[in-house]
Amino acid sequence: MSRLNGKTALVTGASRGIGRACALALAREGATVAVNYQSNEQRAKEVADEITALGVDVLLVRADIGVADEARAMVKKVIDAWGKLDVLVNNAGITRDKSLRKLDDESWLQVIQTNLNGCFFVTSAAIPGMVERNFGRIINISSMNGQIAAYGQANYSASKGGVIAFTKTAALELAKSNITVNTVAPGFTETDMFSGIPEKIQEQIKQRIPMGRFGSPEEIAKAVVFLAADGDYITGQQINVNGGAYM
Ligand code: NAP
């Protein structure tokens, strides 16, 4: 039996990478899934088609989650379409890597705006309906690099560390409404974001991973589905999916 039959889900940044894998994995468990993207309409449509082929409802929602009005309109669109939002996966994220000495204001602000402020905008729009129905599963995708030092990623680390802290307070405040809030913290995962890292550096990184390989988006999605489907009494926690790279 599918574990998420009758549930509705929204995955931000679901046109590619980890978000795409989460959207498909949730759909395979029977959830109807809203696929958010920012600009890559073609890739988002392909994900939507794959979900339709699984026999579940899908909604395509374009929005820049870093723009408050767009983020909130997106959540409203999902609730208007399906009457409720049960599972929210705050996945969309960006990098603008530069060493701290070269880090310009724009690169700092863009990353914080998308990764941290965007997570707040979407979550705050989703909460009232969840509270009203006394049910919600919110899963925020943070990062191993929000837990440890990461050269060239002061902006990104700060945003992901912020997501972890935000998750804990949200979990505390929402627990009495049967809304769980957790983070999944991927290590290095093979996506477009990761392929931006030069090959030589990728090899050096791999050597530091105890399991000797990078993660796949599908392996991150498994943790997300677990929290959505079976994490009834888990809140304010973090699941590290990183091949042992940070213990
Ligand atoms: P990716 O392959 O670069 O995909 C990013 C996704 O986010 C795309 O769907 C993109 O949409 C969307 N997006 C970007 N900015 C957006 C915005 N402002 N509004 C709405 N959507 C936006 O990234 P990924 O590697 O799958 O990463 C997904 C999440 O995992 C991110 O939060 C990332 O920080 C985190 N993470 C990744 C790794 C890794 O090694 N890959 C490790 C740890 C954590 P478009 O296609 O329309 O551009």
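Refer to the structure presented above.
Residues numbered from 1 in each chain as written. Predicted model: local features only at pLDDT ≥ 70, side-chain atom pairs only at ≥ 80, totals over all residues. Heavy atoms only, no water.

### A look at the overall build of the protein
In step 1: Regarding its fold elements, the protein presents eight helices and seven strands.
In step 2: Each principal axis of the C-alpha distribution contributes one length, and for the protein these read about 45 × 35 × 35 Å.
In step 3: Sequence separation of at least 24 residues holds for 73% of the intrachain contacts in the protein that already meet a minimum separation of 6.
In step 4: Carbon and sulfur atoms form 52% of the exposed surface of the protein, whose accessible area is close to 11,700 Å².
In step 5: Of note, the protein has its 26 positive side-chain charges centred 3 Å away from the centre of its 25 negative side-chain charges. (Helix = DSSP H or I, 4+ residues; strand = E, 2+ residues; numbered from the N terminus. Contact = heavy atoms within 4.5 Å. Areas by Shrake-Rupley, 256 points an atom, 1.4 Å probe, with all protein chains shown as cover. Lys, Arg positive; Asp, Glu negative; His and termini not counted. Charge placed at Lys NZ, Arg CZ, Asp CG, Glu CD.)

### Notes on the environment of Ser-124
In step 1: When you line up the elements, Ser-124 lands in helix α4 (residues 105-133).
In step 2: Since its relative accessible area comes to 21%, Ser-124 is described here as partly exposed.
In step 3: Sequence spacing of Ser-124 and Ala-170 is 46 residues, and the spatial spacing of their C-alpha atoms is 9.8 Å.
In step 4: In terms of polar contacts, Ser-124 uses its side chain to reach the side chain of Arg-72, at 3.2 Å. (Buried < 20%, exposed > 50% of the residue type's maximum accessible area, 1.4 Å probe, protein only. Polar contact = N/O pair within 3.5 Å; in protein donor to acceptor, adjacent residues only side chain to side chain.)

### Here we look at the site of the ligand
In step 1: In the vicinity of the ligand there are 31 residues, among which Ser-15, Ser-39, Asn-91, Tyr-156 and Thr-191 approach most closely.
In step 2: Side-chain polar atom of Ser-15 to an oxygen atom of the ligand: 2.6 Å apart, as the coordinates give it.
In step 3: In the environment of the ligand, an oxygen atom lies 2.8 Å from a nitrogen or oxygen atom belonging to the side chain of Lys-160.
In step 4: Isolated, the ligand exposes 900 Å² of accessible area, and the fraction of that covered by the protein chains is 95%.
In step 5: Elements supplying a minimum of two residues to the shell around the ligand: α1 (17-28), β2 (32-37), α5 (154-174) and α6 (192-195).
In step 6: Of the residues in the shell around the ligand, the class split is twelve nonpolar, 15 polar and four charged. (Near = heavy atom within 4 Å. Nonpolar A, V, L, I, M, F, W, Y, C, P; charged D, E, K, R; others polar.)

### Describing the packing of α1 against helix α8 (residues 217-230)
In step 1: Here α1 crosses α8 at 50 degrees, and the two axes come no closer than 8 Å. Looking at the two axes, α1 sits oblique to α8. Considering the relative orientation of α1 and α8, their crossing is right-handed. Across the interface between the two elements, Gly-17, Ile-18, Arg-20, Ala-21, Cys-22, Ala-25 and Leu-26 of α1 pack against Pro-217, Glu-218, Ile-220, Ala-221, Val-224, Val-225 and Ala-228 of α8.
In step 2: Looking at side-chain class alone, the contact of α1 with α8 contains eleven nonpolar, one polar and two charged residues. (Axes fitted to C-alpha atoms, helices over the stretch in contact; angles between N-to-C directions. Parallel < 35°, antiparallel > 145°, perpendicular 65-115°, else oblique. Left-handed = near helix turned anticlockwise from the far one by under 90°.)

### Overview of the nonpolar core
In step 1: Residues Val-11, Ala-23, Leu-26, Val-33, Val-35, Ile-51 and Val-184 are the most contacted members of the largest nonpolar core, which totals 33 residues.
In step 2: Listing elements by their share of this core, those giving two or more residues are β1 (8-11), α1, β2, α2 (41-53), β4 (87-90), β5 (136-141) and α8.
In step 3: Discounting residues that sit within four places of it in the chain, Leu-26 has contacts with Leu-4, Ala-9, Val-11, Ala-31, Val-33, Val-89, Val-225 and Ala-228.
In step 4: In terms of nonpolar packing, the next biggest core, distinct from the first, is built from 26 residues, Leu-59, Ala-68, Val-78 and Val-181 among them. (Core = buried A, V, L, I, M, F, W, Y, C linked by side-chain atoms within 4.5 Å.)

### Considerations on α5
In step 1: Between its first and last C-alpha, α5 extends 30 Å over 21 residues, near the 30 Å set by a 1.5 Å rise per residue.
In step 2: Listed as buried for α5 are Asn-155, Tyr-156, Ser-157, Ser-159, Lys-160, Gly-162, Val-163, Ile-164, Thr-167, Ala-170, Ala-171 and Leu-174.
In step 3: Residues of α5 that are buried make contact with α4, β5, β6 (179-186), α6 and β7 (238-241). (Expected span 1.5 Å × (residues − 1).)

### Focus on the pattern of salt bridges
In step 1: Within the structure shown, the criterion is met by 13 salt bridges.
In step 2: Measuring nitrogen to oxygen at the nearest pair gives 2.7 Å for the salt bridge that ties Arg-62 to Glu-70.
In step 3: Two residues, Glu-203 and Lys-206, come together in a salt bridge whose shortest N-O distance is 3.6 Å. Here Lys-206 and Glu-203 lie together in helix α7 (residues 199-207), a separation of three residues that amounts to about one turn.
In step 4: Via salt bridges that share partners, Arg-3, Glu-29 and Asp-230 belong to a single interconnected network. (Salt bridge = Lys/Arg side-chain N within 4 Å of Asp/Glu carboxyl O.)

### Let's talk about the pairing of strand β3 (residues 58-62)
In step 1: Where burial is concerned, the two faces of β3 differ: the one with Leu-59 and Val-61 is buried and the one with Val-58, Leu-60 and Arg-62 is not.
In step 2: Two elements, β2 and β3, share five bridges in a ladder whose sense is parallel. Note that in β3 the partner of Tyr-37 across the bridge is Arg-62.
In step 3: Handedness of the crossover is the feature at issue here: the chain leaves β2, passes through α2, returns alongside β3, and the resulting connection is right-handed. (Pairing = 2+ DSSP bridges. Right-handed = clockwise from strand over helix to strand, strands pointing away.)

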